[in-house]
Amino acid sequence: MLDERARRFNLRNILVVAQVALSLILLIAARLFLRSAQQSQAIDPGFTAERVLTVPLNINLLRYTRAQSREFFRQVIERVEGVPGVQQASLARVVALSGVASVRSLLIEGKTGPDDQFRSEGTGTGGSNPNSVNSNVIGLNYFQTMGIALLRGRDFTAQDSEDRPRVAVVNEAFVRQHFEGQEAVGRRLSFNGVRGPRQEIVGVVQDSKYVTLGEGPTAMVYVPLGQNQESGMTLHARVAGAPGGVIAAVRREVQ
């Protein structure tokens, strides 16, 4: 009888200890989660994400010509900016913090580099390889829509079309990595080795986060949609109030 009571007592003690240990594990996990969430909120992404509605636009199945594609995207921006509550709209090939990167080969005029062209859509970045770089194809007013500051030079304009000299905008990390102590505006780069074409750097913007919040400073090159054929873009619309209030109207205009 005493042995049975002792066994029950020991079993009860073991259960109590297990419950306390599990509670401590859950408490520690909860504190770590809260700390991680607080740290994430404290990270500055380098752009203003609040009140930005994103809508994927893929016109690949429509088999538009280059001219039809440009006209489609132009009309999308014009119509969406006419929706009450929409302050500004633009387009981008890669959405910031989507976990996806577009990595391309890089040749800077006057420096050695690769002689082939590639595009790698994935989760990595090109920052660790001096012969590659993260890139994004963007529409007009993308930096204003996202709240990314232009530091030097100029933004893209409607005059940056296919029949004009090719241009690019780079970020601060790109300048630090490739032009430390030198002026980047006016230099030229290529995504296709020595064969070109060459893009002239016309502006420098502030650094921001591109793939994840936890990434370090990453070199980035932006090129204008007006000089690049793309069938898959994402609409970015900054709205005055809650994005949910304009979703239906934006959908109607896109359709």
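Scroll up a little and you will see the structure.
Right, let's walk through the structure included here.

Rules and cut-offs
Residues numbered from 1 in each chain as written. Predicted model: local features only at pLDDT ≥ 70, side-chain atom pairs only at ≥ 80, totals over all residues. Heavy atoms only, no water. 1 Å grid on protein atoms, 1.4 Å probe; cavity = no way out; pocket = protein on both sides within 12 Å on 5 of 7 lines; lining within 4 Å. Points joined across faces, edges and corners; volume = space filled by probe spheres on them. Helix = DSSP H or I, 4+ residues; strand = E, 2+ residues; numbered from the N terminus. Nonpolar A, V, L, I, M, F, W, Y, C, P; charged D, E, K, R; others polar. Axes fitted to C-alpha atoms, helices over the stretch in contact; angles between N-to-C directions. Left-handed = near helix turned anticlockwise from the far one by under 90°. Contact = heavy atoms within 4.5 Å. Core = buried A, V, L, I, M, F, W, Y, C linked by side-chain atoms within 4.5 Å. Buried < 20%, exposed > 50% of the residue type's maximum accessible area, 1.4 Å probe, protein only. Salt bridge = Lys/Arg side-chain N within 4 Å of Asp/Glu carboxyl O. Expected span 1.5 Å × (residues − 1). Arc of directions from axis to C-beta. Phe/Tyr/Trp six-rings, centres within 6.5 Å; stacked < 30°, edge-to-face > 60°. Lys NZ or Arg CZ within 6 Å of the ring centre and 35° of its normal.

In total, this model carries three cavities of 30 Å³ or more according to the counting rule given. Estimates place the volume of the largest cavity at around 130 Å³. Looking at the largest cavity, it is lined by 19 residues, and the ones nearest its centre are Val94, Ala96, Asn136, Tyr210 and Met220. Breaking the lining of the largest cavity down by element, the ones donating at least two residues are β3 (101-105), β6 (132-138), α3 (142-146) and β11 (220-224). Within the lining of the largest cavity, the residues separate by chemical class into 13 nonpolar, five polar and one charged.

Orientation of helix α2 (residues 66-80) relative to helix α5 (residues 247-254), taken along the N-to-C sense of each, is 150 degrees, at an axis distance of 9 Å. Our pair here, α2 against α5, has a crossing hand that is right-handed. Residues Phe72, Val76, Arg79 and Val80 of α2 form the contact with α5, whose own contacting residues are Val250, Glu253 and Val254. Tallied by class, residues from the contact of α2 with α5 come to five nonpolar, no polar and two charged.

Counting 37 residues, the largest nonpolar core has Phe174, Val221 and Leu235 as its most contacted members. With sequence-adjacent residues up to four places away left out, Phe174 is seen in contact with Leu106, Ile108, Val133, Phe179, Leu189, Ile201, Ala219, Met220 and Val221. Ranked by size, the runner-up nonpolar core spans 20 residues in total, among them Ile138, Met146, Ile148 and Tyr222.

What follows is about the layout of surface pockets. Taken as a whole, the largest pocket spans an internal volume of roughly 460 Å³. Every residue lining the largest pocket is counted, 20 residues in all, and those nearest its centre are Arg70, Arg74, Gly139, Leu140 and Leu225. Secondary-structure elements contributing two or more residues to the lining of the largest pocket are α2 and β2 (86-92). Here the lining of the largest pocket takes five residues from α2, the largest share from any one element. Its residues assigned to classes, the lining of the largest pocket comprises nine nonpolar, six polar and five charged.

Next up on the list: the pattern of salt bridges. Under the counting rule described, the total for this entry stands at 14 salt bridges. With its nearest N and O atoms 3.0 Å apart, the salt bridge here joins Arg154 to Asp160. By relative accessible area, Arg154 is classed as partly exposed at 33%. Its salt-bridge partner being Arg176, residue Asp207 comes within 2.7 Å of it at the nearest N-O pair. Here Asp207, found in the loop between β10 (198-205) and β11, pairs with Arg176, found in helix α4 (residues 172-178); they are 31 residues apart in sequence, far enough to count as distant. The partly exposed category is assigned to Arg176, whose relative accessible area is 40%.

A separate point is α2. In a regular helix each residue adds 1.5 Å, so 15 residues correspond to 21 Å; α2 covers 21 Å between its end C-alpha atoms and thus fits that length. Within the span of α2, buried status applies to Ser69, Phe72, Phe73, Val76, Ile77 and Val80. Along the long axis of α2, the arc covered by the buried residues comes to 125 degrees, so they all point the same way. As for α2, its buried residues are in contact with β1 (52-58), β2, β12 (232-239) and α5.

The tally for this structure, following the rule as stated, stands at six aromatic pairs. Each ring, one from Phe143 and one from Tyr222, has its centre 4.9 Å from the other, and the planes form 90 degrees; the classification is edge-to-face. Residue Phe143 is located in helix α3, and its partner Tyr222 is located in strand β11; the two are separated by 79 residues in the primary sequence. Of the residues examined, Phe143 reaches a relative accessible area of 2% and is grouped as buried. Residue classification places Tyr222 among the buried positions, given a relative accessible area of 2%. Look at Phe174 and Phe179: their rings are 6.0 Å apart centre to centre, the planes differ by 50 degrees, and that puts the pair in the tilted class. Look at Phe179 and you get buried, because its relative accessible area is 1%. Taken together, Tyr64, Phe72 and Phe73 form an aromatic cluster joined through their ring pairs. Of note, Lys111 hangs over the ring of Phe179, and the distance from its end group to the ring centre comes to 5.2 Å.

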